[in-house]
Amino acid sequence: TFLLRKGKFGQVLIEVGHYAGLIDIGGDLALALHADGVGTKTLIAKAMNKYDSIGIDCIAMNVNDLICLGAEPVALVDYLAIDEPDEKIILEIMDGLVKGAEEADVAIVGGETAVMPDLINGFDLSAMSIGVIKKDKIITGEKINLGDVIIGLESNGIHSNGLTLARKVLLSKYNVKDYIPELNSILGEELLKPTKIYVKPVLEVIKNCEIHGLANITGGAFLKLTRLKKSVGFKLNSLPEAPAIFKLIQKLGAISDREMYRTFNMGIGFCIIAPEKEYEQIKEVCKKYKLNSWVIGEIISKPGVFIKNIQIA
């Protein structure tokens, strides 16, 4: 059905495979739609018996993708599937959803809780989200030019991606409740740090700067940059030092640099592609939100994604 180009309410404006779908709803507006979930981070929450931040991840995984098209997130509907109707767990999850919605400035307009002991062991959390954008303000990446810079915004650790590999590596040696000196933290608490929500700084950047591309670094990590434009290359040659959690995973799992940058955000949760002259303004906006940013690379003519002279895509 995603191949249908026109429906009752308007035309589909973007091919499948970008960060969200876009539908023309008449006048000068388009509707952005996206669905995403928390993934296996829920297993860490269950092991720690701590559920009050996992809802923030659910909000972040949705709204951070919507803004990649320049859309302003406006509403969300959540879906919780759980094996038992445990009031403590459900209330803590809902608390996180509310906190995330407040930070992203979106409304939770409904939701569904399904109790399915025959199908679910633990719980799964996901959501459907919508945003709005003027059609002449849509950012797809098609305007990316040679010489544009790639600006990285700091992550809050592992976020909600790569947890399957992280669990396999880390839990082969540690328990989630172990204190890890290299992290200066209990392992489970480090892994449960909620995904950073980039809505407010990125929307302000879009309003005030010339922006050619936006990329949420989630599942598939830096491979996601190729969603923006396939005819150019993304050379990341000035990345900041990776946070300790990624160094620990790489060391314990003997994982190559190539695989690490194809799986984890490595300290960069979001990328902005813009003309170099825009960086100072972008940096000032990020500072306003206490968000570190760096010029981490540039656009080149050879297609692909290149990190430390290694082609990862």
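A brief report on the enclosed structure follows. Since the structure is predicted, the reported quantities are computational estimates derived from the model, not experimental observations. (Residues numbered from 1 in each chain as written. Predicted model: local features only at pLDDT ≥ 70, side-chain atom pairs only at ≥ 80, totals over all residues. Heavy atoms only, no water.)

1. Quick look at the overall build of the chain
Operational definition: Strands are runs of DSSP state E lasting at least 2 residues, helices are runs of H or I lasting at least 4, and numbering of each runs from the N terminus. We compute the radius of gyration over the C-alpha atoms and compare it with the globule rule, which gives 2.2 Å times the number of residues raised to the power 0.38. Contact between two residues is taken to exist if any of their heavy atoms lie within 4.5 Å; hydrogens are not considered. The method behind every accessible area is Shrake-Rupley, applied with a 1.4 Å probe, and residues are considered shielded solely by the protein chains displayed. Residues scored as charged are limited to Lys and Arg (positive) and Asp and Glu (negative), so that His and the chain ends carry no count. Charge positions come from single atoms, namely NZ of Lys, CZ of Arg, CG of Asp or CD of Glu.
Within the chain, the regular secondary structure consists of nine helices and 16 strands. Against the globule reference of 20 Å for 313 residues, the chain gives a C-alpha radius of gyration of 19 Å, in line with a compact fold. Structurally, the chain occupies a C-alpha span of about 50 × 45 × 35 Å along its principal axes. Put simply, 82% of the contacts in the chain that link residues at least 6 apart link residues at least 24 apart. Total accessible area on the chain is roughly 14300 Å²; 52% of this is exposed by carbon and sulfur atoms. For the chain, the separation between the mean place of its 36 positive charges and that of its 39 negative charges on side chains is 6 Å.

2. A word on the sheet that holds strand 5 (residues 72–82)
This is how it is decided: Note on pairing: two strands pair once DSSP finds at least 2 bridges between them. Think of each axis as a best-fit line through the C-alpha atoms, taken over the contacting stretch in the case of a helix, with angles from 0 to 180 degrees between the N-to-C directions.
Read from one edge to the other, the open sheet built from five strands follows the order 3-4-7-5-6, with strand pairing classed as mixed. Two strands bound the open sheet, and with one partner strand each, they are strand 3 (21–24) and strand 6 (107–115). Going from strand to strand, the sheet's axes swing by 20° on average, the running direction of each strand aside. Here nine bridges tie strand 4 (residues 29–37) to strand 7 (residues 123–134), and the two strands are oriented antiparallel to one another. Residue pairing for strand 7: L29 is matched across the bridge by K134. Against the sheet, helix 2 (residues 54–66) touches strand 4, strand 5, strand 6 and strand 7, its axis set at about 35° to strand 7.

3. Re the pattern of salt bridges
Put simply, the rule is: For salt bridges, the criterion is a side-chain nitrogen of Lys or Arg within 4 Å of an Asp or Glu carboxyl oxygen. Throughout, exposure labels follow a simple rule: accessible area from a 1.4 Å probe, protein chains only, divided by the maximum for the residue type, with under 20% read as buried, over 50% as exposed, and the rest as partly exposed.
Summed over the entire model, instances satisfying the criterion amount to 13 salt bridges. The salt bridge involving K277 is made with E210; its shortest N-O contact spans 3.4 Å. With K277 in the loop between strand 13 (268–274) and helix 9 (279–288) and E210 in the loop between helix 6 (199–208) and strand 11 (213–216), this pair connects stretches of sequence that are 67 residues apart. Exposure remark for E210: the relative accessible area of 37% places this residue in the partly exposed category. One continuous salt-bridge network, built from bridges that share partners, spans E210, K277 and E278.

4. Remarks on helix 9
For clarity, the threshold we go by: It is the directions from the helix axis to the C-beta atoms whose arc is reported.
Taken together, the buried positions of helix 9 are occupied by Y279, I282, V285 and C286. Here the buried residues of helix 9 occupy an arc of 125° about the axis, which is enough to place them on one side. Turned more than 90 degrees away from the buried face of helix 9, the exposed residues are K287 and K288. Looking at the buried residues of helix 9, the elements they touch are strand 8 (149–154), helix 6, strand 13 and strand 14 (293–300).

5. Describing a nonpolar patch on the surface
We count it as follows: Like charges within 9 Å and nonpolar side chains (Val, Leu, Ile, Met, Phe, Trp, Tyr) within 5 Å are joined into patches, using only residues over 30% in relative accessible area that form no salt bridge.
Judged by side-chain polarity, V77, V109 and M128 come together as a nonpolar surface patch covering roughly 240 Å² of accessible area. Topologically, M128 is positioned in strand 7. The class for M128 is partly exposed, based on a relative accessible area of 35%.

6. Here we look at the environment of A32
Summarising the element assignment, A32 is placed in strand 4. When its relative accessible area of 0% is taken as the criterion, A32 is described as buried. In the structure, A32 is positioned 93 residues away from L125 in sequence and 21 Å away in space, judged by C-alpha atoms. Every residue in contact with A32, bar those within four places of it in the chain, is listed here: G21, L22, L66, A71, S129, I130 and G131.

7. Digging into the packing of helix 2 against helix 3 (residues 87–104)
Filter applied, for reference: Note on terminology: angles under 35 degrees are roughly parallel, angles over 145 are roughly antiparallel, angles of 65 to 115 are roughly perpendicular, and the others are oblique. Working rule for handedness: look at the near helix, and if it is turned counterclockwise from the far one by less than a right angle, call the crossing left-handed; if clockwise, right-handed.
One can describe the packing of helix 2 onto helix 3 by two numbers: an axis separation of 6 Å at closest approach and a directional angle of 40°. The angle between the axes of helix 2 and helix 3 places the two elements in the oblique class. The element helix 2 and its partner helix 3 pack so that their crossing is right-handed. Counted together, I54, G55, I56, C58, I59 and V63 of helix 2 and I93, G96, L97, K99, G100, A101 and A104 of helix 3 form the full contact between these two elements.

8. Let's talk about the packing of aromatic side chains
Here is the rule: Two rings from Phe, Tyr or Trp (for Trp, the six-membered ring) form a pair when their centres sit within 6.5 Å of each other. Planes less than 30 degrees apart are called stacked, planes more than 60 degrees apart edge-to-face, and all others tilted.
Applying the stated criterion across every chain, the model contains four aromatic pairs. Measuring from centroid to centroid gives 5.7 Å for Y51 and F123, while their planes differ by 65°, and the two rings are edge-to-face. Taken as a pair, Y51 in the loop between helix 1 (41–48) and helix 2 and F123 in strand 7 lie far apart in primary sequence, 72 residues in all. Note on accessibility: Y51 and F123 belong to one class, buried.

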